[in-house]
There are 2 protein chains.
Amino acid sequence: MPATDTVHIPLPDDRDYEIRIGAGLLDAPASWQGLPKAAAAVIVSNETVAPLYAQRLRERLLAVYPRVDVVVLPDGEQHKDWASLNLVFDHLLGQALDRKTVLFALGGGVVGDMTGFAAATYMRGVPFVQVPTTLLAQVDSSVGGKTAINHPLGKNMLGAFYQPERVIADLDTLDTLPDRELWAGLAEVIKYGPIADAGFLCWIEDNLDALLARDKAVLGYAVRRSCEIKADVVGQDEKEQGLRAILNFGHTIGHAIESGLGYGEWLHGEAVACGMVLAADLSHRLGLMPADFTARLRTLIERAGLPVVPPRLGAERYLQLMRVDKKAEAGAIRFVLIEALGRAGLHAVPDALIADTLAAHGAA
Amino acid sequence: MPATDTVHIPLPDDRDYEIRIGAGLLDAPASWQGLPKAAAAVIVSNETVAPLYAQRLRERLLAVYPRVDVVVLPDGEQHKDWASLNLVFDHLLGQALDRKTVLFALGGGVVGDMTGFAAATYMRGVPFVQVPTTLLAQVDSSVGGKTAINHPLGKNMLGAFYQPERVIADLDTLDTLPDRELWAGLAEVIKYGPIADAGFLCWIEDNLDALLARDKAVLGYAVRRSCEIKADVVGQDEKEQGLRAILNFGHTIGHAIESGLGYGEWLHGEAVACGMVLAADLSHRLGLMPADFTARLRTLIERAGLPVVPPRLGAERYLQLMRVDKKAEAGAIRFVLIEALGRAGLHAVPDALIADTLAAHGAA
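Since the structure is predicted, the reported quantities are computational estimates derived from the model, not experimental observations. (Residues numbered from 1 in each chain as written. Chains lettered and ligands numbered in written order. Predicted model: local features only at pLDDT ≥ 70, side-chain atom pairs only at ≥ 80, totals over all residues. Heavy atoms only, no water.)

This part is about the sheet that holds strand β3 (residues 40-46) of chain A. Residues and elements named next belong to chain A. Pairing within the open sheet is mixed, and its 7 strands lie in the order β1-β2-β9-β6-β5-β3-β4. The outermost strands of the open sheet, each flanked by one partner alone, are β1 (4-9) and β4 (67-73). On average, adjacent strands in this sheet sit at an angle of 15 degrees to one another, irrespective of strand direction. Sheet analysis places strand β2 (residues 17-22) next to strand β9 (residues 166-170), joined by 5 bridges and oriented parallel. Looking across to β9, one finds that I21 is bridged to A169. Running over the sheet, helix α2 (residues 82-94) touches β3, β4 and β5 (102-107) and is turned about 155 degrees from β4. The strands that helix α3 (residues 109-121) touches are β3, β4, β5 and β6 (128-132); relative to β5, the one it contacts most, it runs at about 170 degrees. (Pairing = 2+ DSSP bridges. Helix = DSSP H or I, 4+ residues; strand = E, 2+ residues; numbered from the N terminus. Axes fitted to C-alpha atoms, helices over the stretch in contact; angles between N-to-C directions. Contact = heavy atoms within 4.5 Å.)

Those places that UniProt annotates as "domain: 3-dehydroquinate synthase N-terminal" (unreviewed entry) correspond, in this numbering, to residues 71-182 of chain A. Taken end to end, residues 71-182 of chain A is 33% helix and 29% strand, and its first and last C-alpha atoms sit 25 Å apart. (UniProt positions renumbered as here; feature names shortened; annotations may be inferred.)

Residues and elements named next belong to chain A. By domain assignment, chain A separates into domain 1 (4-176) and domain 2 (179-360). A separation of 25 Å is found between the C-alpha centroids of domain 1 and domain 2. Taken together, the contact pairs 37 residues of domain 1 with 37 residues of domain 2. A combined buried area of about 3,000 Å² lies between domain 1 and domain 2, and 64% of that area is made up of carbon and sulfur atoms. Here domain 1 and domain 2 share 6 salt bridges between them. In this structure, D5 engages R224 in a salt bridge whose closest nitrogen and oxygen atoms are separated by 3.8 Å. There are 8 residue pairs in polar contact (both at pLDDT 80 or more) connecting domain 1 and domain 2. At the level of secondary structure, the elements contributing two or more residues to the side of domain 1 that touches domain 2 comprise β1, β2, α4 (135-141), β7 (146-151) and β8 (154-161). For the side of domain 1 that touches domain 2, the element with the most residues is α4, which contributes 6 residues. Per-class residue counts for the side of domain 1 that touches domain 2 are 17 nonpolar, 12 polar and 8 charged. (Domains from an automatic or database assignment. Buried area = accessible area lost by both parts, 1.4 Å probe. Salt bridge = Lys/Arg side-chain N within 4 Å of Asp/Glu carboxyl O. Polar contact = N/O pair within 3.5 Å; in protein donor to acceptor, adjacent residues only side chain to side chain. Nonpolar A, V, L, I, M, F, W, Y, C, P; charged D, E, K, R; others polar.)

What follows deals with the interface of chain A and chain B. Contacts between the two partners involve 38 residues from chain A, matched on the other side by 39 residues from chain B. Both faces considered, chain A and chain B share a buried interface measuring about 3,300 Å² in area, 62% of it formed by carbon and sulfur atoms. If you look at where chain A meets chain B, you find 0 salt bridges. Mapped by element, the contributors of at least two residues to the side of chain A that touches chain B are α2, α3, β7 and β8 of chain A. The class makeup of the residues in the side of chain A that touches chain B is 19 nonpolar, 7 polar and 12 charged.

Here the focus is the nonpolar core. Ranked by size, the top nonpolar core spans 76 residues in total, and within it A:I19, A:L135, A:I301, A:M322 and A:F335 carry the most contacts. Counting residues per element, this core draws most heavily on helix α9 (residues 268-285) of chain A, at 10 residues. Look past the residues within four positions of A:L135 in its chain and what remains in contact with it is A:L174, A:L177, A:L182, A:G185, A:L186, A:V189, A:L219 and A:V223. Formed by 75 residues, the second largest nonpolar core is a distinct cluster that contains B:V189, B:I257, B:C274 and B:L358. (Core = buried A, V, L, I, M, F, W, Y, C linked by side-chain atoms within 4.5 Å. Buried < 20%, exposed > 50% of the residue type's maximum accessible area, 1.4 Å probe, protein only.)

Here we come to the UniProt feature "binding site: Zn(2+)" (unreviewed entry) in chain A. Residues and elements named next belong to chain A. On the UniProt side, "binding site: Zn(2+)" (unreviewed entry) is annotated at positions that read E188, H251 and H268 here. Taken along the chain, the residues just named run across 81 residues; in space they keep tight, none of their C-alpha pairs more than 10.2 Å apart. Within the secondary structure, H251 is located in helix α8 (residues 251-261). Once you skip the residues sitting within four places of it in the chain, H251 turns out to touch E188, K191, H268 and V272.

Bringing the relation of the copies chain A and chain B into the picture now. Superposition of chain A onto chain B requires a rotation of 180 degrees combined with a translation of 0.0 Å along the rotation axis, giving an RMSD of 0.0 Å. The superposition of one copy onto the other is thereby described by a two-fold rotation axis. The residues that chain A uses at the interface reappear at the interface of chain B in 100% of cases, marking a shared surface. (Least-squares fit on C-alpha atoms with pLDDT ≥ 70 in both.)

What follows is the structure, given as structure tokens:
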């Protein structure tokens, strides 16, 4: 058995859960023991991941649950909508599966968010387990209990805070991840440095080549440290009343890029990566950070195979897209900005300054 | 100012709220003070209730909120679906309303359930206030935090537990209620007697004529006592792990009637009324209650203008419809049965016995 790291997520009302990180976890019987009992489990996956891992997971779960179904959704952010979610409900109701049924989200962030939202709302809530198979899902979306689907007018606009019973992050599943998705996951890993841990940022810079070469020990540390930081932030602010917003560094412009181009054109991590470069620039323009921080972050993001030049949508369109951001309040666009290496905060930014940054980076 | 009764709903994590019951509450400024601050409020109503009360409520809310919008949904249980819910989301996102926006549910149970579910899921949760204008909503659906929409395969199958900030039950709004809806509301009032308070059952029998004549003092007591009982049960079991299920007396067969005939054919209260007669009969067949209890309940329900003979859907169809009930577990159909006057519990009932009861009441 390879070593398994465990990150504990403390939450009130018996909603604590564990993130287990390691190689070989999918096939380890212990991964699936001690979960809520039920007459049936349902694996929700997508057409890319299901052929790789669904039958293996199903066989393992059959040691615990009398019945294990598999529901396969279309792949991609553009399918993170009500129609896909309803495929899960149609199956659950069509098979008359009861309110103890346990859902297993096998896939990336889209599968995790949709399965979590289905679990939050099916019969007003059934248990679910996250089995993230992408780096992005392992370091970010499977941790913290945010679930959602997109609406044509905005990303993740409909959802719920709903915690999983457990997260099983099997590092071996990253072997089948395309390079582009590995790089997109690295964007969220990089994010944790500037917002919370200057030392981690240095570590990423020193170990980026090993991460890109998929060195499993190095990937394992990156996943663990990312989950620890996210767990620490979420533990202090489960429902995003304040602190938790810092996890959205790079996401305000990132969401505008995704939504402006149409979901699925850029990967979420790519849009966030580019958004971080612009948010670093805004941090500088507001006098919070020196100019060389933007250059340092851009260099790291480029080395990770990620885009640093936003699509040319025009400043007006960007501003319009950012006004529906969930962080916006009464019309003012708010950004997570870096206040010092390892510390971030939410700042309302005047439209004119945003337009300057967009123009300086070729977006306008 | 007429007298206002207040029922306090105790819940953990600062989610306590008040139900205020009285005449003239819609126009009383105090009803709308002390709610969460926001740049905008949105009244969600339906095409029947909005013309009667939406502008009056809007004017009162404009004393508190800079902007108050009105969203009008189609009326009826058959519209309690994703398409109607999406009309609310389309408005909120189309107007770029932020996550502090307060929703006001102005109408009956359908409006309350849908507005509550919209509030639970818009940007992962915004505050909402219940303003129930039907007897059924005042005594039942606006209390307890259950929100939901229907799925073609089952009623209230998709939803969330989500508590309002306050409930304002203005007895004057019952003046515009059609008789059939008043009677349907009485079904849920009657329900509280057998499951929780034998004395209240006697009181209803003694005061039914005054209730039918819409005597406001008598209606006020019925609403208050119903809310107290529901609050007591919900306070002990917010998420329906056990005790709370007793509130579903009459609902297992009731939901099957609604779903089998198509939503909107029978009113919810009518279906529940008839379901209570059959559940009383099952309580007798299982040896829990004497036969004259069924007769007593049937007499009261008939006096209230409610149906006591179920539609002839056939036993097989009834059993099939009841198997997707949320209370069902691993295939066994479970009923809330009366164990003594004022006490109820959940019981798995064999299919053959259910078929007997259905046949004896002309449903098979």
